Amino acid sequence: MVALSASHMLNDVMQSLAPALYPVFRAELALSFFQIGIITFVFQLTASLLQPLIGLAADRRPMNWILPVGMAFTLIGLFLLAFAKTYLLILASVAVIGIGSAVFHPEASRVARAASGGRHGFAQSLFQVGGNFGQSIGPLLAAFVVVPFGQHSVLAFTILALVAVVLLTRVSRWHVAHRAQRKHVAAAGPAHPRPVVIRTIAVLIVMLFSKVVYLASIGSYYTFYLIDTFHVTIQQAQVMLFVFLAAVAAGTFLGGPLTDRFGAKFVIWGSILGVLPFTLLLPHLGFAGTIVNSIAIGLVISSAFSAMVVYAQELTPGNVGAVAGLFFGLSFGLGGIGAALLGILADRTSIGFVYQVCAFLPAIGLLGALLPQPTPVTAPPARD
């Protein structure tokens, strides 16, 4: 579990370098907010289309060494990003990084569940908090390494990819041995009738939409909002983005134990709907209030994802990888689409108006009333 979380941290440190470079790319290539949103869209789309398919394939036929191979794609994409001097090359580099993400996330999540010892919420949160921590470090690295020393300094971070390849090779060996030691048992059937499962997955996807689109508004445009509204420097804005992403990491970790203790439905509902007062306040606060309020937003809204994955896996036992791939993929895809659309809105209005509109997204959390109480799965899934 620790090796998976550490690998997730290294993976997302590298993936977060591109968004952290957005102000640099905008200044050097005179990009519009829409073009910046398209960069996010290309990365998220590449990752989202492949993740469910890879998760489903791994459920049906385990692929022992797919984790280090996926990390190799991230290494190649990072190398391309270090030398990207045109808009098209930037898009190509983030697309390759997206392929690495698509391979890594569903399989790593599946292995995390296999190593959970029954504490599925804790396992997912520990795995995900590594990624959140990596995402929060990215802006700091950009502020204090990439911005002062130039785009080519990104090349130094390929060392992280090599470390991650070594870690994931050891994780893959453990998982092969773990499968060999386990007796395969028949997978339990769905805990609810098929129509209920389909309806519930649809509700979860809509709620996920509200979460990831709001987070996309912060991840892609928060630095610009702080610069335009409060006239801070790029480095100061990157530090404030790090503070927000650190709060997201803390909330992600807390979400898992809360899920194990109080149930996934309670955490999902409380996270999405509970953040609404804070998002409504954000566009109307001063600088200090904005920073404090954004910390609260990060803590509350980020606790839902682990609960969503666990909840959906309990609804569809035997499809652990496919469910993880679906939700990780949708989180990337919906976030990418949201970033592009919000970029258009920002170009036509203002960044401040974007946050006024996005403030109402968590109201979708009212749909949590439609979620059934999941029935505990008594038999373990046939494949881990």
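Counting starts from 1 at the beginning of each chain's written sequence and moves along it residue by residue. Local features in this predicted model are restricted to residues whose pLDDT is 70 or higher, and side-chain atom pairs enter the listing and the counts only when it is 80 or higher, whereas totals over whole chains, interfaces and linings include all residues. Calculated side-chain values reflect all of the structure's heavy atoms, with hydrogen atoms and water omitted.

Draft legend 1. Broad picture of a nonpolar patch on the surface. Patch building starts from residues that exceed 30% relative accessible area and form no salt bridge, then joins like charges within 9 Å and nonpolar side chains (Val, Leu, Ile, Met, Phe, Trp, Tyr) within 5 Å. Residue-level accessible areas treat just the shown protein chains as cover; the underlying method is Shrake-Rupley with a 1.4 Å probe. The term salt bridge refers to a side-chain nitrogen of Lys or Arg lying within 4 Å of a carboxyl oxygen of Asp or Glu. Nonpolar side chains collect at one region of the surface, where Phe253, Leu254, Leu258, Phe262, Phe266 and Leu299 lie side by side and expose about 560 Å² of accessible area between them. In this text, helices come from DSSP runs of H or I with a minimum length of four residues, and strands from runs of E with a minimum of two, each type numbered from the N-terminal end. Tallying contributions element by element places helix 10 (residues 234-262) first for the nonpolar patch, with 4 residues. Among the secondary structure elements, Leu254 is positioned in helix 10. The rule is simple: take the accessible area with a 1.4 Å probe, protein chains only, and divide by the maximum for that residue type; under 20% is buried, over 50% is exposed, in between is partly exposed. Judged by relative accessible area, which is 47%, Leu254 ranks as partly exposed.

Draft legend 2. Region of interest: helix 13 (residues 287-301). Expected helix span is computed as 1.5 Å times (number of residues minus one). Counted at 1.5 Å a residue, the expected span for helix 13 with its 15 residues is 21 Å, and the 21 Å between its end C-alpha atoms agrees. Within helix 13, burial applies to Thr290, Ile291, Asn293, Ser294, Ala296, Ile297, Gly298 and Ile301. Here, two residues are considered to be in contact whenever any of their heavy atoms come within 4.5 Å of each other. Where helix 13 is buried, its residues touch helix 9 (194-230), helix 10, helix 11 (264-274), helix 12 (276-281) and helix 14 (304-315).

Draft legend 3. The packing of helix 9 against helix 16 (residues 351-358), seen in detail. Helix axes are fitted to C-alpha atoms over the stretch in contact, other axes to C-alpha atoms as well, and angles between N-to-C directions run from 0 to 180 degrees. Two numbers describe how helix 9 lies on helix 16: the axes approach to 9 Å, and their chain directions differ by 145°. As for the relative orientation of helix 9 and helix 16, their crossing is left-handed in sense. Where helix 9 abuts helix 16, its residues Tyr214, Ser217, Ile218, Tyr221, Tyr222, Phe224, Tyr225 and Asp228 lie against Ile351, Gly352, Tyr355 and Cys358. Here the contact of helix 9 with helix 16 is composed, by residue class, of 9 nonpolar, 2 polar and 1 charged. Put simply, a crossing is left-handed when the front helix is turned counterclockwise from the back one by less than a right angle, and right-handed when it is turned clockwise. Throughout this entry, Asp, Glu, Lys and Arg are counted as charged residues, while Ala, Val, Leu, Ile, Met, Phe, Trp, Tyr, Cys and Pro are counted as nonpolar. The remaining residues, Gly among them, count as polar.

Draft legend 4. Spatial organisation of the nonpolar core. Within this scheme, the nonpolar core is defined by two criteria: the residues are buried Ala, Val, Leu, Ile, Met, Phe, Trp, Tyr or Cys, and they are joined through side-chain atoms within 4.5 Å. Counting 97 residues, the largest nonpolar core has Leu204, Tyr222, Met308 and Phe327 as the members making the most contacts within it. Take this core: its biggest share by element is 16 residues, from helix 9. Residues in contact with Met308, not counting those within four places in the same chain, are Leu204, Met207, Leu208, Ile268, Ile272 and Phe327.

Draft legend 5. Here's a closer look at the pattern of salt bridges. What the rule picks out here adds up to 1 salt bridge. Between Glu107 and Arg110 there is a salt bridge, with the nearest N and O atoms lying 3.0 Å from each other. Taken together, the residues span about one helical turn, with Glu107 and Arg110 both in helix 6 (residues 87-114) at a distance of 3 residues. A relative accessible area of 4% places Glu107 in the buried class. For Arg110, a relative accessible area of 0% puts it in the buried group.

Draft legend 6. Spatial organisation of the confidence of the model for the chain. A score between 0 and 100, pLDDT records how confident the predictor is in each residue. Within the chain, residue pLDDT values average 82, and 91% of them lie at 70 or more. Across the chain, the secondary-structure element scoring lowest on mean pLDDT is helix 2 (residues 17-20), at 75, and the one scoring highest is helix 12, at 94. Taken together, the stretch residues 377-384 has pLDDT below 50 and engages in 26 contacts with residues farther than four places along the chain or on a different chain.

Draft legend 7. Local environment of unusual backbone geometry. Phi is positive for Ala30, which is not a glycine, with a value near 55°. With a phi close to 60°, His231 is a non-glycine residue in the positive phi region. Mapped onto the elements of the fold, His231 is located in the loop between helix 9 and helix 10.

Draft legend 8. Structural view of the environment of Leu342. Of note, Leu342 is situated in helix 15 (residues 320-348). Take Leu342: its relative accessible area is 8%, and that puts it in the buried class. Placed 209 residues apart in sequence, Leu342 and Phe133 show a C-alpha to C-alpha distance of 25 Å. When neighbours within four sequence positions are excluded, Leu342 is seen to be in contact with Val213, Ser217, Tyr221, Val354 and Cys358.

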